[in-house]
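Observations on the model geometry
The residues making up each chain are set out below.
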Amino acid sequence: MSKIFLPVILLLASMTDCFSQKGEWTHFRGNNLNGIATVGQAPLQWDESSHIKWKTAVHGRGWSSPVVLGNQVWLTTATADGRELFAMCFDLETGKIMHDIKVFTPETSLPKHAVNTYATPTPAIEDGFVYVHYGTMGTACINTADGRVVWTRTDIHCDHIQGPGSSVMLYKDLVILHYEGVDVRFLIALDKRSGKTVWQTNRQEEPYKRIPWVETKAYVTPLLVNVKGRDLIISNGSAIANAFDPNTGEEVWGLAGGAGSTIAMPFEENGIVFFETGYFLTENRTRVSEMYAVNPDGSGDIFNTNVLWSIYVAPMPLSTPVIKDGLIYAGESNRTLRCIDASDGKEVWSYKLSSTINSSPVYAAGRIYFSTTAGQTLVVRAGREFNLLSENKLDGEIWATPAFVGNSILMRTDSYLYRIE
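This one's a predicted model, so the numbers in the text were calculated from it and none came from an experiment.

With respect to the pairing of strand β7 (residues 97-104)
The sheet contact formed by strand β6 (residues 85-91) and β7 spans 6 bridges and is antiparallel. The residue bridging Met-88 from the neighbouring strand is Asp-100, located in β7. Hairpin connection between β6 and β7: a loop of 5 residues separates the two successive antiparallel strands, and Gly-95 in this loop has a positive phi of roughly 85°.

Remarks on the confidence of the model for the chain
Confidence in the prediction of the chain, expressed as mean pLDDT, is 93, and 95% of residues score 70 or more. Within the model, pLDDT remains below 50 along residues 1-21, and this stretch shows 8 contacts once partners closer than five positions in the same chain are excluded.

Side note on the pattern of salt bridges
A complete count under the given rule lists 19 salt bridges for this structure. Here Glu-205 makes a salt bridge to Arg-185, at a shortest N to O gap of 3.2 Å. On the criterion of sequence distance, the pair formed by Glu-205 in the loop between β15 (197-202) and β16 (223-227) and Arg-185 in strand β14 (residues 185-191) is long-range, its members being 20 residues apart. Relative accessible area serves as the criterion here: at 42%, Glu-205 is assigned to the partly exposed category.

With respect to the sheet that holds strand β1 (residues 24-25)
The sheet built from 5 strands is open, its strands ordered β1-β4-β5-β6-β7 with antiparallel pairing. Of all the strands in the sheet, the pair left with one neighbour each is β1 and β7.

A look at the sheet that holds strand β28 (residues 336-341)
Strand order in the open sheet formed by 4 strands is β26-β27-β28-β29, with antiparallel pairing between adjacent strands. With partners counted over all chains shown, the strands left at the sheet margins are β26 (322-324) and β29 (347-352), one partner each. Taken pair by pair, the neighbouring strands of this sheet meet at an average axis angle of 15°, ignoring direction. Here strand β27 (residues 327-332) runs beside β28; their pairing, made up of 6 bridges, is antiparallel. Looking at the pairing, Leu-327 lines up with Asp-341 of β28.

A short note on the packing of aromatic side chains
Scanning all chains against the criterion turns up 15 aromatic pairs. Relative to Phe-386, the ring of Tyr-351 has its centre 4.5 Å away and its plane inclined at 20°; by these criteria the two rings are stacked. With Tyr-351 in strand β29 and Phe-386 in the loop between β32 (376-381) and β33 (388-393), the pair connects residues that are 35 residues apart, well separated along the chain. The class of Tyr-351 is partly exposed, set by a relative accessible area of 26%.

Regarding the nonpolar core
Residues Trp-25, Trp-46, Val-68, Tyr-369, Phe-404, Leu-410 and Met-411 are the most contacted members of the largest nonpolar core, which totals 28 residues. When contributions to this core are tallied by element, the ones reaching two or more residues are β5 (72-78), β6, β30 (362-364), β34 (403-405), β35 (408-412) and β36 (416-420). Apart from the residues lying within four places of it in its own chain, the contact partners of Met-411 are Trp-46, Ser-371, Thr-377, Leu-394, Ile-398, Pro-402, Tyr-416, Leu-417, Tyr-418 and Ile-420. Ranked by size, the runner-up nonpolar core spans 27 residues in total, among them Phe-244, Val-252, Val-273 and Ile-302.

Considerations on unusual backbone geometry
Its identity as a non-glycine residue notwithstanding, Leu-33 has a phi of 55°, on the positive side. Given a relative accessible area of 4%, Leu-33 falls into the buried group. Although it is not a glycine, Met-316 adopts a positive phi angle of roughly 55°. By the secondary structure assignment, Met-316 is in the loop between β25 (307-313) and β26.

Cut-offs applied
- Residues numbered from 1 in each chain as written.
- Predicted model: local features only at pLDDT ≥ 70, side-chain atom pairs only at ≥ 80, totals over all residues.
- Heavy atoms only, no water.
- Pairing = 2+ DSSP bridges.
- Helix = DSSP H or I, 4+ residues; strand = E, 2+ residues; numbered from the N terminus.
- pLDDT = per-residue confidence, 0-100.
- Contact = heavy atoms within 4.5 Å.
- Salt bridge = Lys/Arg side-chain N within 4 Å of Asp/Glu carboxyl O.
- Buried < 20%, exposed > 50% of the residue type's maximum accessible area, 1.4 Å probe, protein only.
- Axes fitted to C-alpha atoms, helices over the stretch in contact; angles between N-to-C directions.
- Phe/Tyr/Trp six-rings, centres within 6.5 Å; stacked < 30°, edge-to-face > 60°.
- Core = buried A, V, L, I, M, F, W, Y, C linked by side-chain atoms within 4.5 Å.

Structure below.
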């Protein structure tokens, strides 16, 4: 081999390795909002004293998940009373804080649930801009190069009652947001560059009349799917799940049959959409939620035509399941890991935990990563047999869903952001 070409080859190899270590994780649950990490390797074991590249304190309180692009990691946080709302940016390689921006200072503290925060919605990031959202308290676009706030909206409102929860979704030139309170329920699309409203679509009112007023709220993040060449937004509210045209906001179909206070977002594989409802009482007064499998190719009212199956699940799922190769992996509210066959809804395996899962599981490198509010992350081999590969522990609580980039994990606890490798 030529001595001239060898340094060039080594340089290119070094550059390739550098790029593979950066990667991107642009939304809640990844680039496609599906909880699938497209990485070849991922950490298997760690604790406070091993496999931690860096650990940086995060002030305030927030359950938003980290998003990553290039060498930047962004998340949001807030003071305990919600009177100061922040966006923070960290250097991916060092963990150093690059920006700490006070975005909004609401005049009053809004009510929220004890387990929620004022900075629960996850931002979305693209080249040059990050979009941060705090529900009814405000939405902003920030220039990622200099931390300058490009535009804000503080005039879009709903009565969350229990605080904000829905994360940001980007589509073409639009920022798409879900607002569902006990007063109004709608999806809205904003122009990325100006923040101006492009379209707004209200949900049907009739389905909400059958559930108690206090349960007519929802905290879901919409999902984008493609059905026979047509893009659709799938958004499951508390009383009805809908498909909307993301370009115009036009409602394509509706499936009434949900229940109050929905939190988990929809998910999809092989052209089938799945979603979980909020909680309700069965005839024997058992508190449950329901998981639906739906063919999204339809129009109008599709309840009697497109539902493939439905099953009861533990009530009030906060965690969105991940689906891979026909298997649904869920961290249920009754402290259970559960694997479900996506073809018929039958249980494949389950495993009882000692703590609660509110973070959403992620598939990475043939494994499922489940994180708990006790700071644990259980790594399970994907498949029809339960195989626990490792149990890992960090100080504090984990509510945020981790981001996977390169060969590392960005894990947020209640007080710190970690890079694990």
